[in-house]
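The lines below spell out each chain.
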Amino acid sequence: MNETEMKDKQFVWHPFTQMKDWVSRPQMVISAAQGIKLIDTDGNEFYDGVSSLWVNIHGHRKAEIDQAIVEQLGKVAHTTMLGLANIPASQLAEQLVAVAPPGLTKVFYSDDGSTAVEVALKMAFQYWQHKGKTGKQKFIALEQAYHGDTVGTVSVGGIDLFHRVFKPLLFTPVHIPAPSCYHCRLSSDQAVCGMQCVTVLEQVLAEHHEEIAGMVIEPLVQAAAGMLMSPPGYLAKIRELTRKYDVLLIVDEVATGFGRTGKMFACEHEQVSPDMMTLSKGITGGYLPLAATLTTQAIYDAFLGDYADKKTFYHGHSYTGNPLACAAALANLKIFREERVIEGLAAKIAAAAAKLEQIGKLAHAGDVRQCGLIVGIELMQDKDRKAPYPWEQAVGARVCLQARKYGLIIRPIGDVVIFMPPLASTVKEIEEMLDIIHRSIQEVTERTFINSDSLQPTDL
Ligand SMILES: *Cc1c(COP(=O)(O)O)cnc(C)c1O
């Protein structure tokens with residue numbers, strides 16, 4: 001065990017990690033990276049197959065982003081946005097508004113995906129207070145949703161394993177069935193089944209819209225639920241209904257934003273302009289923590305008033321609008337423009353689809369889901385009967401460990417193998433990574449388990 005691993009095991013508590021397992025096994029220490037590869041302290045190289053938890057876009061050590069941060073460092077690393085403006089934050093706000101769906105014209109900064117959603121919830125709540133519709137205090141959220149880990153965002157979450165224990169702490173949203181629910185996935189006509197969920201929503205809205213401030217949704221893909229896809233037309237329908245019933249639509253693009261789905265934002269697939277959009281993960285190209293909640297002029301205007309009116313949005317963080325992070329985000333957007341990143345995605349997405357078709361033929365690849373460069377491969381013990389593996393066997397985690405032997409880092413969600421490569425990956429690299437996944441699934445699922453209790457499931 002090297003010195004870092006020793007110190008880590010003695011002093012560090014890892015996120016979403018059973019530390020009893022962590023300390024009992026050898027752990028990898030990443031000390032460098034180049035392009036889409038991570039390098040460990042022994043000098044081994046691995047593909048970063050989940051973009052360092054869905055954040056990395058253009059690869060690591062991207063010269064333009066490195067340089068932008070260094071240049072900003074030569075000026076100032078951080079100043080507060082409480083009472084002061086800074087250059088990168090104002091430039092970035094202008095550019096985010098320019099690329100965002102029409103109608104989103106104001107940018108409120110925070111630090112991570114959870115705070116971006118937390119801001120949206122509080123802003124929506126206060127908005128209706130200012131508008132005099134003080135009864136509008138509740139939120140609609142989807143079952144199996146994930147919007148972050150703070151108390152507010154866990155409240156609108158719907159993943160039982162993560163959220164159940166905190167229930168006494170939470171406010172209660174109106175949960176509606178997700179269009180990607182287990183029932184829908186088993187249905188032969190997914191689109192029809194998904195649209196039945198719309199009927200439930202319409203009933204809730206018709207009866208309760210006077211109590212409902214907003215609806216929060218992950219567009220196209222419920223990511224942390226295991227990459228569950230919504231049927232085409234669902235998001236547009238949600239927009240239509242929320243508008244009809246005067247409920248604010250908060251679209252959480254934290255996972256889907258910045259090219260992941262094949263377009264800059266998932267909203268664009270269905271020409272949807274939400275009332276609020278939350279951004280984080282890919283915003284700095286995967287370099288530094290930063291988030292933004294974008295909203296409309298109408299919502300912004302509702303907070304204007306005389307100082308004594310106390311209409312101010314009383315929310316902010318120490319590092320809000322951090323200049324280093326904003327400089328990285330500006331470089332990120334510049335690369336999108338100069339390298340025509342979005343235009344280059346179609347070929348990569350198609351290459352992934354072709355490989356996934358092969359993977360789908362494996363005996364235990366129960367359901368293969370793809371949206372752009374977001375992939376979830378759900379492993380099942382009995383594919384025909386759609387029967388899952390016993391949870392304790394941790395088959396998803398085993399496949400991911402197997403993939404490491406072939407030089408690929410991936411991380412499962414239960415028995416869903418997640419593949420989310422940096423957008424900068426070439427067609428050849430995407431094919432190589434999916435070949436490793438194919439082989440790893442085959443090796444793990446098509447042989448009997450000898451010692452199934454040696455490994456615990458990984459939660460996320
Ligand atoms: C990851 C994620 C979040 C939370 O972001 P953090 O930066 O981890 O706080 C929120 N919403 C969605 C859709 C996410 O995927």
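Calculation rules
Residues numbered from 1 in each chain as written. Predicted model: local features only at pLDDT ≥ 70, side-chain atom pairs only at ≥ 80, totals over all residues. Heavy atoms only, no water. Domains from an automatic or database assignment. Contact = heavy atoms within 4.5 Å. Buried area = accessible area lost by both parts, 1.4 Å probe. Polar contact = N/O pair within 3.5 Å; in protein donor to acceptor, adjacent residues only side chain to side chain. Helix = DSSP H or I, 4+ residues; strand = E, 2+ residues; numbered from the N terminus. Nonpolar A, V, L, I, M, F, W, Y, C, P; charged D, E, K, R; others polar. Pairing = 2+ DSSP bridges. Axes fitted to C-alpha atoms, helices over the stretch in contact; angles between N-to-C directions. Near = heavy atom within 4 Å. Areas by Shrake-Rupley, 256 points an atom, 1.4 Å probe, with all protein chains shown as cover. Buried < 20%, exposed > 50% of the residue type's maximum accessible area, 1.4 Å probe, protein only. Arc of directions from axis to C-beta. Left-handed = near helix turned anticlockwise from the far one by under 90°. Core = buried A, V, L, I, M, F, W, Y, C linked by side-chain atoms within 4.5 Å. Patch = residues over 30% accessible without salt bridge, like charges linked within 9 Å, V, L, I, M, F, W, Y side chains within 5 Å. Salt bridge = Lys/Arg side-chain N within 4 Å of Asp/Glu carboxyl O. Phe/Tyr/Trp six-rings, centres within 6.5 Å; stacked < 30°, edge-to-face > 60°. Lys NZ or Arg CZ within 6 Å of the ring centre and 35° of its normal.

Before going further, it helps to spend a moment on the domain arrangement of the chain. With domains assigned, the chain is organised as domain 1 (3-57 + 341-459) and domain 2 (66-338). Distance between the C-alpha centres of domain 1 and domain 2: 27 Å. Taken together, the contact pairs 31 residues of domain 1 with 31 residues of domain 2. Across the domain 1/domain 2 interface, buried area totals approximately 2500 Å², and carbon plus sulfur atoms make up 67% of it. Considering only the side of domain 1, the residues that lose the most area to domain 2 are Trp54, Ile57 and Ile374, jointly responsible for 23% of the buried surface there. Linking domain 1 with domain 2 are 9 residue pairs in polar contact (both at pLDDT 80 or more). When contributions to the side of domain 1 that touches domain 2 are tallied by element, the ones reaching two or more residues are α3 (51-54), α14 (341-359), β13 (365-371), β14 (374-379) and β16 (416-419). Tallied by class, the residues present in the side of domain 1 that touches domain 2 amount to 21 nonpolar, 5 polar and 5 charged.

A few words on the sheet that holds strand β10 (residues 248-252). Strand order in the open sheet made by the 7 strands is β4-β12-β11-β10-β7-β5-β6, with mixed pairing throughout. Strand pairing shows two members of the sheet lacking a second neighbour, β4 (104-110) and β6 (174-176), which therefore form its edges. On average, each strand axis in the sheet is tilted by 20° relative to the strand beside it, whichever way the strands run. The pairing of strand β11 (residues 276-279) with strand β12 (residues 291-296) spans 4 bridges and is antiparallel. Within the sheet, the bridge partner assigned to Leu279 lies in β12 and is Ala292. Its contacts with the sheet place helix α5 (residues 87-99) against β4, β11 and β12, and it is angled at close to 135° to β4.

Glancing now at the site of the ligand. All residues in the neighbourhood of the ligand are listed as Trp54, Asp112, Gly113, Ser114, Tyr146, His147, Gly148, Glu218, Asp252, Val254, Ala255 and Lys281. In this structure, Asp112 approaches the ligand through a side-chain N or O atom, which is 3.5 Å from an oxygen atom. Backbone polar atom of Gly113 to an oxygen atom of the ligand: 2.8 Å apart, as the coordinates give it. With the chains in place, 84% of the 380 Å² that the ligand exposes on its own is no longer accessible.

Taken in spatial order, the 3 strands of this open sheet run β13-β14-β16, and their pairing is antiparallel. Of all strands in the sheet, those bounded by a partner on one side alone are β13 and β16. Put simply, the sheet's adjacent strands are angled 15° from each other on average, direction ignored. For β13 and β14, the ladder comprises 6 bridges, and the chain directions are antiparallel. Note on β14: the bridge partner recorded for Asp367 is Glu378. Against the sheet, α14 contacts β13 and β14, and its axis sits at roughly 175° relative to β13.

Every buried residue of helix α1 (residues 3-11) is accounted for by Glu5, Asp8 and Lys9. Seen along its axis, α1 keeps its buried residues to an arc of 90°; they face one direction. Across from the buried face of α1, at angles greater than 90 degrees, the exposed residues are Glu3, Gln10 and Phe11. In this fold, the buried residues of α1 make contact with α2 (19-24).

We now examine the packing of α5 against helix α13 (residues 323-338). Helix packing geometry: the angle between the two helix axes and the distance between the axes. For the pair α5 and α13, the least separation of the axes is 8 Å and the interaxial angle reads 35°. Like other packed secondary-structure pairs, α5 and α13 cross with a definite hand, here left-handed. Between α5, through Pro88, Ala89, Gln91, Leu92, Gln95 and Leu96, and α13, the contact on the second element is made entirely by Pro323, Cys326, Ala327, Ala329, Leu330, Leu333 and Arg337. Grouping the amino acids of the contact of α5 with α13 by side-chain chemistry returns 10 nonpolar, 2 polar and 1 charged.

One finds Trp54, Phe258, Ile377 and Ile437 to be the most contacted residues of the largest nonpolar core, which totals 102 residues. Inspection of this core shows a minimum of three residues originating in each of domain 1 (3-57 + 341-459) and domain 2 (66-338). Here Phe258 is in contact with Ile57, Leu96, Met264, Phe265, Leu279, Ser280, Gly282, Ile283, Asn332, Leu333, Phe336 and Leu423, once residues within four sequence places are set aside. In this structure, Tyr127, Val156, Met276 and Phe303 belong to the second largest nonpolar core, which totals 21 residues.

Before going further, it helps to spend a moment on a nonpolar patch on the surface. Among the surface-exposed residues, Val151, Val165, Phe166 and Leu169 lie close enough to one another that they form a single nonpolar patch of about 390 Å² accessible area. Residue classification places Leu169 among the exposed positions, given a relative accessible area of 56%.

A separate point is the packing of aromatic side chains. A complete count under the given rule lists 7 aromatic pairs for this structure. Here the aromatic rings of Tyr127 and Trp128 are separated by 4.8 Å at their centres, their planes lie at 70°, and the arrangement is edge-to-face. Exposure remark for Trp128: the relative accessible area of 2% places this residue in the buried category. Geometrically, the ring pair formed by Tyr146 and Phe162 is edge-to-face, given 6.3 Å between the ring centres and 90° between the ring planes. Placement of the pair is Tyr146 in the loop between β5 (138-142) and α7 (151-155) and Phe162 in helix α8 (residues 160-163), with a sequence separation of 16 residues. One exposure class covers both Tyr146 and Phe162, and it is buried. An aromatic cluster is defined as three or more aromatic residues linked by ring pairs; in this entry it consists of Phe16, Tyr146 and Phe162. The cationic tip of Lys136 hangs over the ring face of Trp128; the distance from NZ or CZ to the ring centre is 4.7 Å. Seen from the ring of Tyr406, Arg439 lies directly overhead, with NZ or CZ sitting 3.8 Å from the centre.

As a further point, take the pairing of β5. Remark: a regular strand shows side chains that alternate across the two faces of the sheet. Among the 5 residues of β5, 4 are classified as buried, and the element is accordingly described as predominantly covered. As paired strands, β5 and β6 are joined by 3 bridges and run parallel to one another. For Ile140, the partnering residue across the bridge sits in β6 and is Val174.

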